[in-house]
Amino acid sequence: MSDTTSITSDPAKEPVEQKALWGGGRSPFTISYGKFMMWIFLLSDTFTFSALLIGYGFTRHSFEGNTVTPWPTPDQVFNHFPFLHGMHLPLIFVSVMTFILMFSSVTMGFAVEAGHRMAKKEVSFYMLLTILGGIGFLGCMAWEWAQFINGTEAGKMLADGSVFHGANLHLNEYGPTAFADLFFIVTGFHGVHVLSGIIINSTIYINVLKGTYEKRGHYEMVEKVGLYWHFVDLVWVFVFTFFYLI
Amino acid sequence: MSNQHLNNEDHNNHEGNDQHKQTFISKYVFSMDHKMIAKQFLITGIIMGCLGVLMSMVFRLQLAFPDTPFPFMENFMGHWAKDGRLDPSFYLALITIHGTIMVFYVLTAGLSGTFSNLLIPLQIGARDMASPLFNMLSYWFFLLSSLVLVSSLFVDGGPASSGWTIYPPLSALPTAISGSGMGMTLWLIAIILFVVSSLLGGVNYIATVINMRTLGMKMTRLPLTVWSFLLTAILGLLSFPVLLGAGLLLIFDRSFGTSFYLSDIPADLAGGIERVGGSPILFQHLFWFLGHPEVYIIILPALGITSEVLATNARKPIFGYRAMIGSMIAIAVLSFVVWGHHMFVTGMNPFLGSVFVLGTLIIAVPSAVKTFNYLATLWKGNLRLTPAMLFAIGLVSFFISGGLTGLFLGNAALDINLHDTYFVVAHFHIVMGSAAIFGMMSGIYHWYPKMFGRMMNSTLGYLHFWITFIAAYCVFFPMHFMGLAGVPRRYYAITAYDQFDVFVNMNVFITIAALIGGAAQLIFLFNFFYSIRKGKKAEQNPWESNTLEWTTPVERIHGNWPGEIPHVYRWPYDYSKPGALTDFIPQNIPDEGQTDPLEETKPPVHA
Ligand code: HEM
Ligand SMILES: [Cu+2]
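Peer 1: Whenever I open this one, the overall build of chain A confuses me. Can you help?
Peer 2: For chain A, the count of helices and strands is eight helices and two strands. Secondary structure elements of chain A, listed N to C terminal, follow the sequence α-α-α-α-α-β-β-α-α-α. In terms of C-alpha radius of gyration, chain A reaches 23 Å, well past the compact-globule figure of 18 Å for 246 residues. Considering only C-alpha atoms, chain A reaches an extent of 70 × 40 × 35 Å along its principal axes. Across the 246 residues of chain A, 51% fall into the buried class. Taking all contacts inside chain A whose residues are at least 6 apart in sequence as the whole, residues at least 24 apart take part in 63%. A total of about 11400 Å² of accessible surface is found on chain A, and carbon and sulfur atoms cover 69% of it. Between the mean site of the 13 positive side-chain charges and the mean site of the 18 negative ones, chain A shows a separation of 13 Å.

Peer 1: How should I be thinking about the coordination of the iron atom of ligand 1 in this particular structure?
Peer 2: Residues and elements named next belong to chain B. Just one protein ligand coordinates the iron atom of ligand 1, and it is His 427 (NE2) at 2.4 Å. The distance between the iron atom of ligand 1 and the copper ion (ligand 2) comes to 4.9 Å. Summarising the element assignment, His 427 is placed in helix α14 (residues 422-452).

Peer 1: Is there a simple way to explain the packing of helix α5 (residues 88-124) of chain B against helix α8 (residues 224-255) of chain B in this structure?
Peer 2: Relative placement of two packed helices is described by the angle separating their axes and the distance separating the axes. Residues and elements named next belong to chain B. As a packed pair, α5 and α8 sit with axes 9 Å apart at the nearest point and diverge in direction by 130°. Classed by the angle they form, the pair α5 and α8 counts as oblique. Both α5 and α8 take part in a crossing whose hand is left-handed. Between α5 and α8, the contacting residues are Phe 104, Thr 108, Ser 112, Phe 115, Ser 116, Leu 119, Ile 120, Gln 123 and Ile 124 on the first element and Thr 225, Val 226, Phe 229, Thr 232 and Phe 240 on the second. Of the residues belonging to the contact of α5 with α8, the class tally is eight nonpolar, six polar and no charged.

Peer 1: Could you clarify how one ought to interpret the packing of aromatic side chains in this entry?
Peer 2: We describe a pair of aromatic rings using the distance from one ring centre to the other and the angle between the two ring planes. All names here are of chain B. Going through the model one piece at a time under the given rule, you end up with 87 aromatic pairs over all chains. Ring centres of Phe 104 and Trp 164 lie 5.9 Å apart, and the angle between their planes is 65°; this geometry places the pair in the edge-to-face category. Taken together, the residues Phe 104 in helix α5 and Trp 164 in the loop between α6 (132-151) and α7 (182-211) connect sequence positions 60 residues apart. The exposure class of Phe 104 is buried, given its relative accessible area of 0%. When the centroid spacing of 4.9 Å and the interplanar angle of 45° are considered together, the rings of Phe 252 and Phe 256 count as tilted. The class of Phe 256 is partly exposed, set by a relative accessible area of 40%.

Peer 1: Looking at this structure, I do not really get the site of ligand 1. What am I missing?
Peer 2: Residue and element names in this part refer to chain B. What surrounds ligand 1 is a group of 22 residues, the closest being Asp 415, His 419, His 427, Met 432 and Arg 489. Contact distances for ligand 1 include 2.7 Å between an oxygen atom and a side-chain N or O atom of His 419. Contact between ligand 1 and His 427: a nitrogen atom at 3.0 Å from a side-chain N or O atom of the residue. For the shell around ligand 1, the secondary structure elements donating two or more residues are α9 (280-314), α12 (387-410) and α14.

Rules used in this analysis
Residues numbered from 1 in each chain as written. Chains lettered and ligands numbered in written order. Predicted model: local features only at pLDDT ≥ 70, side-chain atom pairs only at ≥ 80, totals over all residues. Heavy atoms only, no water. Helix = DSSP H or I, 4+ residues; strand = E, 2+ residues; numbered from the N terminus. Rg over C-alpha atoms; globule rule 2.2 N^0.38 Å. Buried < 20%, exposed > 50% of the residue type's maximum accessible area, 1.4 Å probe, protein only. Contact = heavy atoms within 4.5 Å. Areas by Shrake-Rupley, 256 points an atom, 1.4 Å probe, with all protein chains shown as cover. Lys, Arg positive; Asp, Glu negative; His and termini not counted. Charge placed at Lys NZ, Arg CZ, Asp CG, Glu CD. Donors = N, O, S within 2.8 Å, 3.2 Å for Na, K, Ca; no water. Axes fitted to C-alpha atoms, helices over the stretch in contact; angles between N-to-C directions. Parallel < 35°, antiparallel > 145°, perpendicular 65-115°, else oblique. Left-handed = near helix turned anticlockwise from the far one by under 90°. Nonpolar A, V, L, I, M, F, W, Y, C, P; charged D, E, K, R; others polar. Phe/Tyr/Trp six-rings, centres within 6.5 Å; stacked < 30°, edge-to-face > 60°. Near = heavy atom within 4 Å. Polar contact = N/O pair within 3.5 Å; in protein donor to acceptor, adjacent residues only side chain to side chain.

The structure is reproduced here in C-alpha cells:
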C-alpha cells in the first residue's frame, strides 16, 4: 500500500491554454485534489448550518405576534461586559468577540501568504496568532454563555410561583424556551467548529515548526486549514446576524 | 500542448502494476483499491438487501393471512411473534427497518458505493480515487452504520418504528411507542455514521471526476454513467447535511428536553418537561429537503447504468447524449425545490402547494426526455438481449409506469386523497424500488466480468429476470387499486374495515407473487456467488464496449493499467458508426490522422 498516494498524484498546476481546461489530464481549476475536496466539504457544511439557521427562522417566525412569550430583543439580553456591572452595553461584548475572530482570519491570511514565500518563521508566527485568536474567541463565548445561563437578578416568575434566573434547555427567563435552545445549539455547533479548527491549526503549527512543509516544498496544508478557518469565520457572521442583529 | 503532456506524464509517472506484496488484510480487508472497495460495498449491500427482502416476506404474510398463525415465525422472532402471530408494533418496526435498509443501505450506499467506486476511475482513466484513504474510510463508516442498524433489531423495545421518515413526535419522545427508545437512538447513530460515509465518498467521487480525467476525456466525452455518479454525489453532498442538522435537533429533543419539533405536550408525557413552542412540520421540511433529492440519489446511478448498457447492447449511440446530460442536470437542480409535494396534507398554504405542484410537474419533462431517448436508442437497434440488457429494459418499463403515477401524486388536489394510501406505496416501489433495483442488477450482470474476471451464467440470469420482472408487476401494480379505494399504508391489517374486504384475495395474490419474486433472488444469489469461483473465464471486452474500463487487463491489477493510461480520442458511443470498419470504436482509438486527443473525430460517413 506504500505508494497508493503516489499513484494518485495530482495533475500538476502549470498554466494551459483555456480551451483545454476541461480536456482531461489536468485539474480544470488548477487546484490539487486535496484543496478541492476541502472546498466541497465546506460547501456541504454550509448546508448543515443552513439547516440549523432555517430551523431558527422557522421557529422564530412562528412566534410572530405572540404577546404571551414574545421573542426577546437581543439588545436586552446581550448587554453585559466583564467588570462593568449594571451598565447597559448592548452587543458591545459580542462585537469584541467578533472582532477577535475576524482578526484571527486576517492573521490566517498572512500565514497563507507567508507560506507562498516559504517563509517558515512568519508562517509559524501568524499561525500562532491565529490559534490564540481562536482560543480568545472561545473564551469570550464561554463568558457569554455563562452570563446567559446565570441570568439577571429580576428573573422570571414560573407557574408555581418560584423565580427562575437565566436560561437552560427547558426554561428561559428572556422569552420562549426555543430562543435559548436555538442559541445554545447553533452557537454551540459553531463553537465546536472553532474548537476543531483550533485543534487542526495547532497540529499544522507543530508541523510548521518541525519543518514538515519545508521538506515537502510547499505549505499547501496551511492553505487548506486556512480555507476551513475563513469558513468558520464566515459562518459566524451569519450566526451573529441571526442571533444578535435581527 | 507541451504543458498537457507534462501534466499527463505526472498522471502516469508510476507504473500501474507495482506488484508489491500484499497481505490478506491489506488486500481484502483494509483495502484502498477502488475495485476492492466497490466489491465490499456490493457484498455488504447484497447482505442488507437479503435482510430487507426477508422482512418484507414476513409482513406480506401478515397482510395476506392476518388470522392465520405461522408458528415457525416464533422460532426466529421470539416474543415479537408469539404463537406465530406478528405483534402489531413489530409490524411497524419491520416496515421501518425494511424501508431504511432498502432506501439508504441498498439503493444509496449499495448502488452508488459499488458502481461509483468501480467505474469512476476505470471509465475516466485514473489509477484510483483522488483519496484512496477517504475511500476506505467511507466503506468502514458504512459497515459500522449497517452493524449499528442491524443491532437495533435486538434491543429492548425493538428497533425504530416510526417509518423510514421518522416523523416526530413518535421519534422525538423516547416513551412514545416501544421503538421510540433505544431503537430510535441506534437508528439516529446509524444514520449519522451513514452521512459521514456518504460525505467521504461524495467528496472523493466529485474530486476524482473533476480532477483526474485522462487526457482527452472532456466532460462531453464522459460516459453517462460517470455523469450520473457525479450528479448523485453532488446531490448527496448537499442534501445529507440537512438531514444531519435535522437529526441533531431531534437528538436534543429526545435526550435533552428541548422542543424543536414538539408542542403542546404536557410534562408527564414527555420526561417531566413540558414541551411547547416547536413544530413537527419543521422536521418534515428538513427531512424532505433531503428526502426528495434522495430519491434521485437512488435513481440517477441506475439511469446512468441503463444508458450505458442500452447503448452497448443496442449497438447504437445513445440517443441525445447531450440532452441526457442536460436532463440529468435539470433533474438534479429541480429535485431541491419540490420537497413540499410530500407535505400537501400538512395544512400548507394552497398557494405554496401550487408552487410545489408546478415544480414537481416540471421534473416530469426531463424525466420524459430521458425515457424517450431510451426508447429511441432501442429503436431499430441490433439488440443483444443479454441479462444486463433485459434488466435495463426492465428499468425503462418501471420508470414509465411508476413515473406516470408520479403525475397523479404531484397534483395537490389528487394527492390529498391519495396521500398515505397504497397508491403511494405502489408508486414509489415501482419508480424507485423496482426501477433502481433493476438498474443495479443490470450493472451487476454487465460489470461482473470487470469485478471478478468471470462471467455470470446467462440462463440463470434470464430466469432471474423474467420471474422478478413479472413478480414485481404482480406485487406492486394491484396496490394502485387498493390505494384508489382508500386502503391506508402502514396498517398491519385492514380487516377492521368492511369496505376493504374486497381486497382479501388481492392481498393473497400479492403475497404469493412476492414470495415467488423473493425466491427468484435465490437464483441470483447462487449465480453470483457460484460464478465468483466457477464462472466462465471472462474475455477482456466481453460486451464489445467502447468505454475505458474494458481496456484494462482481466486480472484487475492495482493501478488499473499496466503501462501508461490510455488517452481518449472520442466519445463513448461510437457504435455502428457509418463508414467505420468495426461496429464499435473504443474511446482510446484515434481516427486516422488524429494525433491530438482534444481534436474532434470525423463525423460519420453516410453511404
Ligand atoms: C416522474 C416524476 C415523479 C413525480 C411527479 C413524483 C411525485 C411524488 C409525489 C407527489 C409523492 C408524494 C406522495 C404522497 O406523499 O402522498 C411521491 C412519493 C414518493 N416518491 Fe415520487 N415522484 C416522481 C419520481 C420518483 C422517483 C424517480 C422516485 C425514486 C427514485 C420516487 C420516490 C418516491 C417515494 C419513496 C415516495 C414516498 C414518500 C412517502 O413515504 O410518503 N419518486 N412522489
Ligand atoms: Cu419527492
